[in-house]
Amino acid sequence: MGIENAPVNHHDYYHAHVYFEQETLAFATKLCEQAGERFGLSIGRAHQKNVGPHPKWSCQISFSSSEFDLFIPWLEKERHGLTVLVHALTGNNLKDHTDYAYWLGKPAELNLSIFKN
């Protein structure tokens, strides 16, 4: 993929958060639906507000290490300029969104204060 912080398959479970705006809502929704259909992944709803640490509207895709190697290259190819946060699910939310966070597209600044005591 040729980007500095490209996703790597080192964990058992992951989330991909597809970021979008009003102008890209229809495309992002369709992209997430296609991911679910093509790879049998669990797709969350398309949030038209900032949720959790995410600085933009987003849709969550849940997947495992067994789907990673086919799904991530497909997502990179099909995202057409959308930013996607890919992070591990280890049980440590702060580490998952920092140390184990990877990006397709331009990284966004997350609101990490929700994970700190």
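What you see is a predicted model, and the numbers here were worked out from it, not measured in a lab.

Rules behind the numbers
- Residues numbered from 1 in each chain as written.
- Predicted model: local features only at pLDDT ≥ 70, side-chain atom pairs only at ≥ 80, totals over all residues.
- Heavy atoms only, no water.
- Helix = DSSP H or I, 4+ residues; strand = E, 2+ residues; numbered from the N terminus.
- Buried < 20%, exposed > 50% of the residue type's maximum accessible area, 1.4 Å probe, protein only.
- Contact = heavy atoms within 4.5 Å.
- Areas by Shrake-Rupley, 256 points an atom, 1.4 Å probe, with all protein chains shown as cover.
- Lys, Arg positive; Asp, Glu negative; His and termini not counted.
- Charge placed at Lys NZ, Arg CZ, Asp CG, Glu CD.
- Axes fitted to C-alpha atoms, helices over the stretch in contact; angles between N-to-C directions.
- Parallel < 35°, antiparallel > 145°, perpendicular 65-115°, else oblique.
- Left-handed = near helix turned anticlockwise from the far one by under 90°.
- Nonpolar A, V, L, I, M, F, W, Y, C, P; charged D, E, K, R; others polar.

A. Molecular detail of the overall build of the chain. Check the secondary structure of the chain and you find 3 helices and 5 strands. Secondary structure elements of the chain occur, N-terminal to C-terminal, as β-α-β-β-α-β-α-β. Here the C-alpha coordinates of the chain stretch approximately 35 × 30 × 25 Å along the principal axes. Looking at the 117 residues of the chain, the share that counts as buried comes to 39%. Residue pairs at least 24 apart in sequence account for 65% of intrachain contacts in the chain once pairs closer than 6 positions are excluded. Entry remark: accessible area of the chain is about 6500 Å², with carbon and sulfur atoms responsible for 47%. Across the chain, 10 positive and 13 negative side-chain charges occur, with their mean positions spaced 5 Å apart.

B. Spotlight on unusual backbone geometry. A positive phi angle is found at His80, which is not glycine, with a value near 45°. Considering the arrangement of structural elements, one finds His80 in the loop between helix H2 (65–78) and strand E4 (84–88). Classification of His80 as exposed rests on a relative accessible area of 60%.

C. Representation of the packing of helix H1 (residues 25–39) against H2 within the structure. The contact between H1 and H2 brings their axes to 11 Å, and the two run at 155°. By the angle class used here, H1 and H2 are roughly antiparallel. As for how H1 packs across H2, the hand of that crossing is right-handed. For the pair H1 and H2, contact is made by Phe27, Leu31, Gln34, Ala35, Arg38 and Phe39 and by Leu70, Phe71, Trp74, Leu75 and Glu78, respectively. Of the residues that constitute the contact of H1 with H2, the class distribution is 8 nonpolar, 1 polar and 2 charged.

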